[in-house]
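# Understanding the architecture of this molecule
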Amino acid sequence: TQKIILIRMFVDKLPAKYQRLVRLRYFDELSYDEIVQEIEAPLGTVKAQLHRARELMYELVKDKKQHI
């Protein structure tokens, strides 16, 4: 759908490490434990970086809301 295309566009604007995490968590629907194994990083790092990725996505989206 159009919404999914828009979301993917915003994800593509994130720094690479955040793009990968967002794709693993939300597109591939991996659990936190699966992501920890996939990227070989501590759970706290995965959670913190996903939180930061969501913040960055929000910043990108909030400026464009009137266009969506």
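See above for the structure.
Within each chain, residue numbers correspond to sequence positions counted from 1 in written order. Thresholds applied to this predicted model are a pLDDT of at least 70 for local features of residues and 80 or more for the giving and counting of side-chain atom pairs; totals over whole chains, interfaces and linings are not thresholded and use all residues. In computing side-chain values, all of the structure's heavy atoms are included and hydrogens and water are not.

### Here we look at the overall build of the protein
Each helix corresponds to a stretch of at least 4 residues labelled H or I by DSSP, and each strand to a stretch of at least 2 residues labelled E; elements are numbered beginning at the N terminus. Each helix and strand in the protein was counted, giving 4 helices and 0 strands. Across the protein, helices and strands are ordered from the amino to the carboxyl terminus as α-α-α-α. With the C-alpha coordinates of the protein rotated into their principal frame, the extents come out at 40 × 20 × 15 Å. Considering the protein as a whole, with its 68 residues, one finds that 24% of them fall into the buried category. Taking the intrachain contacts of the protein between residues at least 6 apart in sequence as the baseline, contacts between residues at least 24 apart amount to 45%. Each accessible area value is a Shrake-Rupley result obtained with a 1.4 Å probe; residue values ignore everything except the protein chains displayed when judging cover. Accessible surface for the protein amounts to roughly 5000 Å². Of this, 53% is attributable to carbon and sulfur atoms. For the protein, the distance from the average position of its 13 positive side-chain charges to the average position of its 10 negative side-chain charges is 7 Å. For each residue, the accessible area found with a 1.4 Å probe, counting protein chains only, is set against the maximum for its type, and the residue is called buried under 20%, exposed over 50%, and partly exposed in between. Two residues qualify as a contact provided that any one of their heavy atoms is within 4.5 Å of a heavy atom in the partner residue. The convention is simple: Lys and Arg are positive, Asp and Glu are negative, and His and the chain ends are not counted. A charged residue contributes its charge at one atom only: NZ of Lys, CZ of Arg, CG of Asp or CD of Glu.

### Points about the packing of aromatic side chains
In summary, the pairing rule links any two rings of Phe, Tyr or Trp, Trp by its six-membered ring, whose centres are within 6.5 Å, and it sorts them by plane angle into stacked for under 30 degrees, edge-to-face for over 60 and tilted for everything else. Under the defined criterion, the tally for this structure stands at 0 aromatic pairs. Over the face of the ring belonging to Tyr-32 we find Arg-25, whose NZ or CZ atom lies 4.1 Å from the ring centre. Placement of a positive charge over a ring is assigned whenever Lys NZ or Arg CZ falls within 6 Å of the ring centre and within 35 degrees of the normal to the ring plane. Above the ring of Tyr-32, the side-chain terminus of Lys-47 is found at 5.4 Å from the ring centroid.

### Concerning the nonpolar core
As used here, the term nonpolar core means buried Ala, Val, Leu, Ile, Met, Phe, Trp, Tyr and Cys residues forming a set that is joined through side-chain atoms within 4.5 Å. In this structure, Leu-14, Val-22, Ile-35, Val-46 and Leu-50 are the most contacted members of the largest nonpolar core, which totals 14 residues. If you list the elements that add at least two residues to this core, you get helix H1 (2-12), helix H2 (16-27) and helix H4 (43-62). Leu-50 has contacts with Leu-21, Val-22, Arg-25, Tyr-26, Tyr-32 and Ile-35, leaving out every residue within four places of it along the chain.

### Details of the environment of Phe-27
On the secondary structure map, Phe-27 appears in helix H2. The partly exposed category is assigned to Phe-27, whose relative accessible area is 28%. Through-space distance from the C-alpha of Phe-27 to that of Arg-8 is 9.5 Å; in sequence the pair is 19 residues apart.

These figures capture arrangement, not role.
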